[in-house]
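Chains, contacts and geometry: an overview
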Amino acid sequence: MKMQTGPDHAQHNPTTNARTVGWILIAGAILSLGFAMAHPQLTAHELNAVLRQMIAGATFNGWVHGILMALYVILAAGLLGFSRLLGLDRPLVSLGMVAYGVGIIAMVGAAVINGFALSLFAGRYAAVKPEQANAVAASINAMGSISGAWAGVGAVASSMAILVWSVTLLRFGGGWRVAGVIGMAIGAATSVMLISGTIILNVHGFMLLIFSQSIWIVAIGYLLLGGAPNGNALQQ
């Protein structure tokens, strides 16, 4: 039998694929955490001061949220690769990928509002008139509420994805089982705290969410550098 060699064989090599996915997850998680730490925070309280601060920080704010959106997509691609290595024919694996996809869409929606829509709105009312103040303040609060709702959906969906992926990992041994236990704890705890309102997705709550999820994602990436679970990939 003639053995397959060359670039095509390397491209479909399970170990090579697992390592590539692993590096994508590690880099994506670390960069996401870094840019989440750079997330701007409003410190003003009076309407005109809030508008001035939003306008002054619009460019930086846009860059931070734009890069975060790109990193969300990169992480989704990495976790899709991880799901394929586990086997998308497994119901919990496919459920986890769908849940994470919903979470990414919701997080991108929140980032669009926080990173771009609010700044554009503030720029149009740089010199707000007294008779406009109540309407402008109400509009900002409304957009903030919509953004918070999107972020909440994204946070719960991505936490549930980690939970169900981790349940699947329990069937493997060694570090994979440990990652499964950690992921179940992170996914369940963050989901319950988000739903109960124990965690509020302000800047600090968002940081806590990204940090906890990054621990699991980096752990999965590190394990993938040694190959897919059980040494198998798509054939599992």
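Parameters and conventions
Residues numbered from 1 in each chain as written. Predicted model: local features only at pLDDT ≥ 70, side-chain atom pairs only at ≥ 80, totals over all residues. Heavy atoms only, no water. Helix = DSSP H or I, 4+ residues; strand = E, 2+ residues; numbered from the N terminus. Buried < 20%, exposed > 50% of the residue type's maximum accessible area, 1.4 Å probe, protein only. Contact = heavy atoms within 4.5 Å. Phe/Tyr/Trp six-rings, centres within 6.5 Å; stacked < 30°, edge-to-face > 60°. Lys NZ or Arg CZ within 6 Å of the ring centre and 35° of its normal. Core = buried A, V, L, I, M, F, W, Y, C linked by side-chain atoms within 4.5 Å. Expected span 1.5 Å × (residues − 1). Patch = residues over 30% accessible without salt bridge, like charges linked within 9 Å, V, L, I, M, F, W, Y side chains within 5 Å. Areas by Shrake-Rupley, 256 points an atom, 1.4 Å probe, with all protein chains shown as cover. Salt bridge = Lys/Arg side-chain N within 4 Å of Asp/Glu carboxyl O. pLDDT = per-residue confidence, 0-100.

1. A few points about the overall build of the protein
If you tally the helices and strands in the protein, you get eight helices and zero strands. Listed by position from the N terminus, the elements making up the protein come as α-α-α-α-α-α-α-α. Projected onto the principal axes, the alpha-carbon positions of the protein cover approximately 80 × 40 × 25 Å. Scored against the burial criterion, the 236 residues of the protein give a buried share of 43%.

2. A closer look at the side chain of T168
Of note, T168 is situated in helix α6 (residues 133-169). The class for T168 is buried, based on a relative accessible area of 7%. The contacts of T168, once residues within four sequence positions are left out, are R90, L92 and V93.

3. Observations concerning the packing of aromatic side chains
Scanning the entire structure with this criterion turns up five aromatic pairs. Aromatic side chains W165 and W216 sit 6.1 Å apart centroid to centroid with 10 degrees between the ring planes, which places their arrangement in the stacked category. Separated by 51 residues along the polypeptide, W165 in helix α6 and W216 in helix α8 (residues 203-224) bring together distant segments of the chain. What makes W165 buried here is its relative accessible area of 0%. Members of the aromatic cluster, each reached through a chain of ring pairs, are F82, Y100, W165 and W216. Between R171 and the ring centre of F172, over which it is positioned, the NZ or CZ distance is 5.0 Å.

4. Concerning the nonpolar core
Grouped together as the largest cluster of nonpolar side chains are 43 residues, with contacts concentrated most on F82, Y100, W165 and W216. Contributions of two or more residues to this core are made by α2 (14-37), α4 (58-86), α5 (91-124), α6, α7 (174-196) and α8. Looking at this core, the element that brings in the most residues is α4, giving nine residues. Those residues in contact with F82 that sit more than four places away from it in its chain are V21, L25, W165, L169, W176, W216, I220 and L224.

5. Quick word on α4
Spanning 29 residues, α4 covers 41 Å between terminal C-alpha atoms, matching the ideal 42 Å at 1.5 Å per step. Immediately beyond the C-terminal end of α4, within one or two residues, lies G87, with a positive phi of roughly 115 degrees.

6. Description of a nonpolar patch on the surface
Taken together, V178, I182, F211 and I215 make up a surface patch of nonpolar side chains, about 340 Å² in accessible area. Looking at the nonpolar patch, the elements that each hand over two or more residues are α7 and α8. Examined against the element boundaries, I215 turns out to sit in helix α8. Judged by relative accessible area, which is 41%, I215 ranks as partly exposed.

7. Describing the environment of S166
Examined against the element boundaries, S166 turns out to sit in helix α6. Sequence spacing of S166 and L68 is 98 residues, and the spatial spacing of their C-alpha atoms is 24 Å. Apart from the residues lying within four places of it in its own chain, the contact partners of S166 are A179, G180, G183, M184 and W216.

8. Remarks on the confidence of the model for the protein
Averaged over all residues, the pLDDT of the protein equals 88, while 91% of them reach at least 70. Mean pLDDT in the protein bottoms out at helix α1 (residues 7-11), which sits at 43, and peaks at α4, which reaches 95. Counting interchain partners and residues more than four positions distant, the pLDDT-below-50 stretch residues 1-11 has three contacts.

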